[in-house]
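So the chains spell out like this:
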Amino acid sequence: MGKVKTAKRAGASNSPYDRNKPNAKQSSSNTNIFRFDKDFGQHILKNPGISDAIVEKAYLKPTDVVLEVGPGTGNITVRALEKAKKVIAVELDPRMGAEVTKRVQGTPLAKKLEVILGDVIKMPELPPCDALISNTPYQISSPLIFKMLAMPNPPRVAVLMFQREFAKRLVAQPGDALYSRLSVNVNFWATCRHIMKVGKQNFKPPPKVESDVVRIEPLIGSARPNIAFEEFDGLLRIAFNRKNKTLRAGFNQKEVLSMCERNYKVYCSLNNVEIDESILESASALPEGDFNMDMDVDGDDEAANEEGDGMDEDEEEEMPEFFKEANEQQSAAKDAKTPSRNPKSKVALVVRAKVEKVLASTGLADKRARQCDQNDFLKLLLAFHDEGIHFS
């Protein structure tokens with residue numbers, strides 16, 4: 001008597017020979033050598049045409065040493081090895097480091113490849129190189145740019161792939177919504193231009209955002225500004241901390257004034273300038289016309305407060321006596337000044353006056369950081385240096 005045919009459960013095989021065959025969904029994932037870690041920003045560029053274009057736009061010479069950050073499986077690395085003298089690949093994931101090494105193993109290109117395992121941002125400094133190439137992990141985009149620009153001898157050229165919004169920040173101009181500290185620094189220390197757009201379908205696994213490739217040429221030799229990178233960037237950090245507020249508001253914050261005071265004391269000690277560090281006995285010792293150092297000054301905010309404060313004389317005359325007395329008590333309590341927990345020194349007043357002098361003399365006090373260009377920030381920095389105030 002024949003067996004009754006029963007329905008197979010989902011995914012069950014009809015024959016013992018089918019048990020080891022993966023289904024369609026499993027086959028695509030099992031063909032990978034290992035799982036890509038998105039936490040490391042591992043989105044491998046799979047389009048060979050884009051890999052070729054990135055290397056071509058670097059205009060590599062046979063004598064060049066190339067630094068590649070995040071080589072992945074080596075799609076860009078192999079092309080760079082064919083044109084350059086040496087490629088230094090810095091990789092955080094040991095699996096990827098082994099994969100790119102294995103890719104050129106047994107070929108003449110193996111002698112030209114050096115793989116460094118580690119976090120490129122935590123390295124004391126980038127290895128000396130003539131060109132920098134990277135399918136940059138999005139998490140380290142900004143730190144990598146600043147680390148490269150801060151090098152005393154930066155590479156001749158950098159061809160880097162970034163998230164599209166980040167790439168737009170690199171080429172943003174004053175007044176643009178994406179204009180930032182990054183925009184000013186990149187265009188002050190280098191020239192930057194957009195190369196091409198890269199769709200997310202060109203990566204494996206595909207990221208959630210589109211990408212762009214940019215070419216950055218740092219200024220080198222006599223073309224490089226004769227200013228410490230840390231000084232210029234320190235000024236920009238303060239200005240762009242609140243880029244939609246006036247520069248007066250940014251430089252009148254307590255933390256900023258305290259930092260300026262500390263740096264001014266160091267400057268005076270190094271240059272044998274005598275300063276008075278005695279403590280003010282009371283608020284009455286403040287010179288007339290000086291602002292309270294704890295106050296955050298902004299012209300627009302003051303104007304708004306002036307418009308909203310005060311009361312019409314007619315309303316005051318109609319007010320009952322009880323409310324008048326209550327108002328007088330409140331105003332008296334408001335006028336009674338609470339003593340500061342951090343007593344002010346006389347040198348603090350000097351620094352406060354110097355900051356006001358610089359902002360007034362440059363004509364930038366009421367200007368916002370998003371409206372200033374490189375020349376404005378450079379003029380501001382030089383004026384602060386003339387007063388002995390530094391930012392690094």
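Our subject is the structure listed above.
Residues numbered from 1 in each chain as written. Predicted model: local features only at pLDDT ≥ 70, side-chain atom pairs only at ≥ 80, totals over all residues. Heavy atoms only, no water.

Draft legend 1. Highlighting the overall build of the protein chain. The number of helices and strands found in the protein chain is 15 helices and nine strands. The burial tally for the protein chain puts 42% of its 392 residues in the buried class. Across the protein chain, contacts joining residues at least 24 apart in sequence account for 73% of those joining residues at least 6 apart. Carbon and sulfur atoms form 50% of the exposed surface of the protein chain, whose accessible area is close to 23000 Å². (Helix = DSSP H or I, 4+ residues; strand = E, 2+ residues; numbered from the N terminus. Buried < 20%, exposed > 50% of the residue type's maximum accessible area, 1.4 Å probe, protein only. Contact = heavy atoms within 4.5 Å. Areas by Shrake-Rupley, 256 points an atom, 1.4 Å probe, with all protein chains shown as cover.)

Draft legend 2. A look at helix α8 (residues 229-240). Its twelve residues give α8 an end-to-end C-alpha distance of 16 Å, which sits within 8% of 16 Å, the value for a rise of 1.5 Å per residue. For α8, a buried count of ten out of twelve residues is recorded, marking the element as mostly surrounded by other parts of the structure. Contacts from the buried residues of α8 go to α5 (141-149), α7 (181-189), α9 (247-251), α10 (254-270) and α15 (374-386). (Expected span 1.5 Å × (residues − 1).)

Draft legend 3. Local environment of the sheet that holds strand β9 (residues 211-218). Sheet architecture is open: seven strands sit in the order β4-β3-β2-β5-β6-β9-β7, paired in mixed fashion. Edge positions in the sheet fall to β4 (113-117) and β7 (190-198), since each has one partner strand and no second. In this sheet, neighbouring strand axes are inclined to one another by 20° on average, regardless of whether the strands run parallel or antiparallel. The sheet contact formed by β7 and β9 spans eight bridges and is antiparallel. In the strand pairing of β9, threonine 191 is matched with glutamate 217. The strands touched by helix α2 (residues 48-57) are β5 (131-135), β6 (157-163), β7 and β9; relative to β7, the strand with the most contacts, the crossing angle is about 165°. Relative to β4, helix α4 (residues 94-104) is tilted by about 170°, and along the sheet it contacts β3 (86-91) and β4. (Pairing = 2+ DSSP bridges. Axes fitted to C-alpha atoms, helices over the stretch in contact; angles between N-to-C directions.)

Draft legend 4. Quick look at the packing of aromatic side chains. In total, this model carries twelve aromatic pairs according to the counting rule given. Arranged with centres 4.1 Å apart and planes meeting at 15°, the rings of phenylalanine 188 and phenylalanine 232 form a pair that is stacked. Within this pair, whereas phenylalanine 188 is found in helix α7, its partner phenylalanine 232 is found in helix α8, the two being separated by 44 residues in sequence. Exposure remark for phenylalanine 188: the relative accessible area of 8% places this residue in the buried category. An aromatic cluster is present here, built from Phe146, Phe188, Trp189, Phe229 and Phe232 joined pairwise through their rings. (Phe/Tyr/Trp six-rings, centres within 6.5 Å; stacked < 30°, edge-to-face > 60°.)

Draft legend 5. Region of interest: the packing of α7 against α8. Two numbers describe how α7 lies on α8: the axes approach to 10 Å, and their chain directions differ by 155°. The pairing of α7 with α8 is recorded here as roughly antiparallel in orientation. Crossing of α7 over α8 shows right-handed handedness. In contact with Arg181, Val184, Asn185, Phe188 and Trp189 of α7, α8 contributes Phe229, Phe232, Asp233, Leu236, Arg237 and Phe240. (Parallel < 35°, antiparallel > 145°, perpendicular 65-115°, else oblique. Left-handed = near helix turned anticlockwise from the far one by under 90°.)

Draft legend 6. Focus on the environment of glutamate 255. Secondary-structure assignment places glutamate 255 in helix α10. Measuring from C-alpha to C-alpha, the distance between glutamate 255 and isoleucine 238 comes to 10.0 Å, with 17 residues separating the pair along the chain.

Draft legend 7. Broad picture of the environment of methionine 148. For methionine 148, the position within the fold is in helix α5. We classify methionine 148 as buried; its relative accessible area is 0%. Sequence separation between methionine 148 and alanine 158 is ten residues; the distance between their C-alpha atoms is 9.2 Å. Each residue touching methionine 148, except ones within four places of it in the same chain, is listed here: Leu126, Leu132, Pro154, Pro155, Ala158, Ile216 and Pro218.

Draft legend 8. Expanded view of the nonpolar core. Among the nonpolar cores identified, the biggest contains 65 residues, and Ile216, Phe251, Phe377 and Phe391 are the most heavily contacted of them. Counting residues per element, this core draws most heavily on α8, at seven residues. Sequence-distant contacts of phenylalanine 391, that is, excluding residues within four places in its chain, are made with Glu230, Glu231, Gly234, Leu235, Ile238, Phe251, Met259, Cys260, Asn263, Leu381 and Phe384. Judged by nonpolar contacts, the second largest core, of 28 residues, contains Leu45, Ile50, Val87 and Leu113. (Core = buried A, V, L, I, M, F, W, Y, C linked by side-chain atoms within 4.5 Å.)

Draft legend 9. Representation of the environment of isoleucine 279 within the structure. Counting through the fold element by element, isoleucine 279 comes out in the loop between α10 and α11 (299-308). Sequence separation of isoleucine 279 and lysine 346 is 67 residues, and the distance between their C-alpha atoms is 6.3 Å.

Draft legend 10. Fine view of the side chain of arginine 368. Checked against the element boundaries, arginine 368 lands in the loop between α14 (346-362) and α15. For arginine 368, a relative accessible area of 15% translates into the label buried. Within polar-contact distance, the side chain of arginine 368 engages the backbone oxygen of asparagine 244 at 2.9 Å. (Polar contact = N/O pair within 3.5 Å; in protein donor to acceptor, adjacent residues only side chain to side chain.)

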